[in-house]
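Fold and contact review
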Amino acid sequence: MPSVQDPRLNVLPSASPSASSLPVPEPISSDQPTYTSLPPLGPNIKVLMVWPSFPPSFWGFEGVLQMIPERAMTPPLGLITVAALCPASWQVRLIDHAFEELRDEDLQWADLVMVSAMHAQRADALAALARARAFGRRTFVGGPWASTDPEAALQVADHVMVGEAEEAFPGIAAALENGTAHALYRIIDKPDMTRSPVPRFDLLHREKYTSMPIQFSRGCPFQCEFCDIITIYGRRPRAKTPAQVIRELDVLRGLGWRNEVFIVDDNFIGNHAQALQLTRELIEWQKLHKQPFSFYTEASIDLASREELMDAMVAANFMYVFIGIETPSSEALKESRKFQNLRKNNVDQVRIIQEKGLWVLAGFIVGFDSDDETIFARQLEFIDRTAIAWAMAGILMAPPTTALFDRMKREGRLIEDSPSTMQFGLPNFRTVLPLPVLLRGLCTLLEGLYQPDAFFERAYNSLKVWQPKATQKPPYLGMYYNLRVLLASMWRQGITSGYRRSYWRFLYRMVSSCRHSPAKIWLGFTVLLSAHHFVLYSKVVIDHLQEEAELCERRQAVAATTNDFVGVEAVS
């Protein structure tokens, strides 16, 4: 189920290198201090890595986690990759705030506290860094948040890294050891992915996660205005070799992993020739090891035009794929430069992918400049027609570093101090569609998507149109696991929930029609569990959006009254 990594052979030096032998990135600007003036940490650094918690979200599946033994969806691939880059003399521990507390004794043990965070994790990252500093521990932060807002990160950490770590981190590690580390690094060059080490999967409490992440490539060739992937990782996809990916799978298999594997690429088919080469290798590996894993990933909608690649993905046991569809509005797609979604009919393309054997989940956005009040009904109609059960619909945001962010700033529409970090906060720019209309329209869309009967009907239709092949094999987690989860679902959803009648109707229809397809039964139960998240969480979001709309309307009314009063005073 998704959610948006024993060390392996390391092609980089595993022993602590000398500072003179490795390139160290320059400070971010010449007015920054060359060094931090902090003492050397020595060759035997104790590193505490912290992965901050996420606030509840549609892809967090918090409702599902109430019914399964696992406590989180996926672990922090970036941190365990950096862990593999650390010198062999360093001791590394990892804490995932999704299910572990950061204790005082953990901080007392550490010499260096390393935090990676996405924007949505910013609040918890700040709290963790503050605690580490209170204990007098050296702090280091990287990841997407630090890479797009390094000035803010520098206020709370001793060292900040902007960019990708593979080729630069050995030099940074040497500088930390000998006391010459910079406060702020900007790694401009994109690293060669063939030099990326096998992540430290052994550091993880693997039984706590529903899937394990691996990464094949970074970057995307497209130019979507609102996307920060292309600004962080570039538009030229860079990939590992198939042999590297196979080594990572061998490590996971050796560690006893048997659940899903998430290939976390933001666009797995960014270089479709390389993706095809990998999937062919995965087919042979799966045959050799009796198909221990099922895969899922993210791709652009032009996957529908790659018949050979889709066939190979299905033969390699990919079960489903996330696609950024965004909107049925051709005007909005043109405005946002998402031209790849304009080439063919998107309804037809989704159906091709489903019938080829890949179940489709997707992201949708409202709030483009060209959107009017009809967009919410048009989005709902598209999602129903394509039978996309897991449809994440949210408000357009302008992330830092993106072309949209720059355009909003040029047009004077950017809300500079906006705290928004995700698609259910207020937009961080002034929208063309009046904000109360946008918020209430999104409420209507979410109600249409996740009212129980509507969700289960769309989920059932998604199983009908999906045509998995006989070779596709879901993860086998054992009879005890399945029985435990089924009983928890029946209790929480079938007995105590407010949507129990819809639950039982879907369960009966699903089992009756899918009983001869193990893949459909597995995914049908997965979707059944997900209802406990989507139905309940959507209500929380809707209530929040309604409150924001009412608050916005009150502010507008007060502003109008004040303007009228000022106008009367001016006339008198």
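What you are looking at is a predicted structure, and each value in this text was computed from that prediction instead of being measured.

Across the eight residues of strand β13 (residues 359–366), eight count as buried, placing the element largely inside the fold. By the alternation rule, side chains of β13 split into W359, L361, G363 and I365 and V360, A362, F364 and V366, which are all buried. As defined by bridge partners, strand β12 (residues 318–326) adjoins β13 across six bridges and the pair is classed as parallel. Considered in β13, the bridge of Y320 is made with W359. Chirality of the crossover, the property in question, places the unit of β13, helix α14 (residues 375–386) and strand β14 (residues 391–395) among those that are right-handed.

This part is about the sheet that holds β12. Taken in spatial order, the six strands line up as β7-β10-β11-β12-β13-β14 in an open sheet, and their pairing is parallel. Only two strands of the sheet have a single neighbouring strand rather than two, namely β7 (211–214) and β14. Looking at each pair of strands side by side, their axes are set apart by 20° on average, direction ignored. The sheet contact formed by β13 and β14 spans five bridges and is parallel. Within the sheet, the bridge partner assigned to F364 lies in β14 and is A393. Strands β13 and β14 of the sheet are contacted by helix α16 (residues 435–450), whose axis makes an angle of about 170° with β14.

What the rule picks out here adds up to 32 aromatic pairs. Considering the side-chain rings of F295 and F318, the 5.3 Å spacing of their centres and the 35° angle between planes classify their relative orientation as tilted. In this pair, F295 sits in strand β11 (residues 295–299) while F318 sits in strand β12, placing the two residues 23 residues apart along the sequence. Side by side, F295 and F318 carry an identical accessibility label, which is buried. Over the aromatic face of W109 sits the side chain of R93, whose NZ or CZ is 3.8 Å from the ring centroid. Residue placement shows R509 over the ring face of Y460; its charged tip is 3.8 Å from the ring centre.

Let us look at the packing of helix α18 (residues 479–495) against helix α19 (residues 500–514). Where α18 meets α19, the closest approach of the two axes is 7 Å, and the angle between their N-to-C directions is 130°. Compared by their axis directions, α18 and α19 come out oblique. Of the residues in α19, those in contact with S489, M490, Q493, G494 and I495 of α18 are R500, Y503 and W504. The class makeup of the residues in the contact of α18 with α19 is four nonpolar, three polar and one charged.

Core analysis: the biggest nonpolar cluster contains 143 residues, and M49, F169, L249, L303 and W390 have the highest contact counts within it. Filtering out sequence-adjacent residues up to four positions away, M49 remains in contact with L79, V82, A83, C86, V92, R93, L94, I95 and M114. Grouped together as the second largest cluster of nonpolar side chains are 23 residues, I95, A117, A132 and A146 included.

With that settled, the discussion passes to the sheet that holds strand β2 (residues 91–96). Across the sheet, six strands lie side by side as β2-β1-β3-β4-β5-β6; this open sheet has parallel pairing. The open sheet has two edge strands with one neighbour each: β2 and β6 (184–186). In this sheet, adjacent strand axes meet at a mean angle of 15° when their direction is disregarded. With two bridges connecting them, strand β4 (residues 138–142) and strand β5 (residues 159–162) associate as parallel partners. Looking at β5, one finds that F140 is bridged to H159. Sitting on the sheet, helix α7 (residues 169–178) touches β3 (112–116), β4, β5 and β6, and the angle it makes with β4 is about 165°.

This next bit is on helix α13 (residues 346–356). For α13, every residue scored as buried is listed here: N346, V347, Q349, V350, I353, Q354 and K356. Elements that come into contact with the buried residues of α13 comprise α11 (307–315), β12, α12 (330–335), β13, α14 and α17 (452–465). Between the side-chain oxygen at the start of α13 and the backbone nitrogen of V347 there is a gap of 2.9 Å, and the oxygen is on N345. Among the residues trailing α13, G357 stands out with phi positive, at a value near 120°.

Here we take up the environment of A560. Counting through the fold element by element, A560 comes out in helix α20 (residues 518–571). The spatial distance from the C-alpha of A560 to the C-alpha of P475 is 59 Å, given a sequence separation of 85 residues.

To continue, consider the confidence of the model for the protein. The share of residues in the protein with pLDDT of 70 or more is 91%, and the mean pLDDT across the chain is 91. Counting contacts from residues 3–34, a segment whose pLDDT is below 50, to residues more than four positions away or on other chains yields 90 contacts. Of the regions scoring below 50 in pLDDT, residues 568–572 engages in zero contacts with residues more than four places distant in sequence or in other chains.

Take α19 next. Look at α19: 21 Å from first C-alpha to last across 15 residues, which is about the 21 Å you get at 1.5 Å a residue. Inspection of α19 places S502, Y503, F506, L507, M510 and C514 among the buried residues, and these make up the whole buried set. Down the axis, α19 shows its buried residues gathered within 130° of arc, on one side only. Facing away from the buried surface of α19 by more than 90 degrees, the exposed residues are R501, R505 and Y508.

Once that is clear, we can look at the pattern of salt bridges. Applying the stated criterion across every chain yields a total of 24 salt bridges. A salt bridge links E167 to R195; the nearest nitrogen and oxygen atoms lie 4.0 Å apart. Note that E167 is positioned in the loop between β5 and α7 and R195 in the loop between β6 and β7, a separation of 28 residues in sequence. A salt bridge links R200 to D202; the nearest nitrogen and oxygen atoms lie 2.8 Å apart. Put simply, E225, D369, R407, E411 and R413 are held in one network by salt bridges that share partners.

Rules and cut-offs
Residues numbered from 1 in each chain as written. Predicted model: local features only at pLDDT ≥ 70, side-chain atom pairs only at ≥ 80, totals over all residues. Heavy atoms only, no water. Buried < 20%, exposed > 50% of the residue type's maximum accessible area, 1.4 Å probe, protein only. Helix = DSSP H or I, 4+ residues; strand = E, 2+ residues; numbered from the N terminus. Pairing = 2+ DSSP bridges. Right-handed = clockwise from strand over helix to strand, strands pointing away. Axes fitted to C-alpha atoms, helices over the stretch in contact; angles between N-to-C directions. Contact = heavy atoms within 4.5 Å. Phe/Tyr/Trp six-rings, centres within 6.5 Å; stacked < 30°, edge-to-face > 60°. Lys NZ or Arg CZ within 6 Å of the ring centre and 35° of its normal. Parallel < 35°, antiparallel > 145°, perpendicular 65-115°, else oblique. Nonpolar A, V, L, I, M, F, W, Y, C, P; charged D, E, K, R; others polar. Core = buried A, V, L, I, M, F, W, Y, C linked by side-chain atoms within 4.5 Å. Polar contact = N/O pair within 3.5 Å; in protein donor to acceptor, adjacent residues only side chain to side chain. pLDDT = per-residue confidence, 0-100. Expected span 1.5 Å × (residues − 1). Arc of directions from axis to C-beta. Salt bridge = Lys/Arg side-chain N within 4 Å of Asp/Glu carboxyl O.

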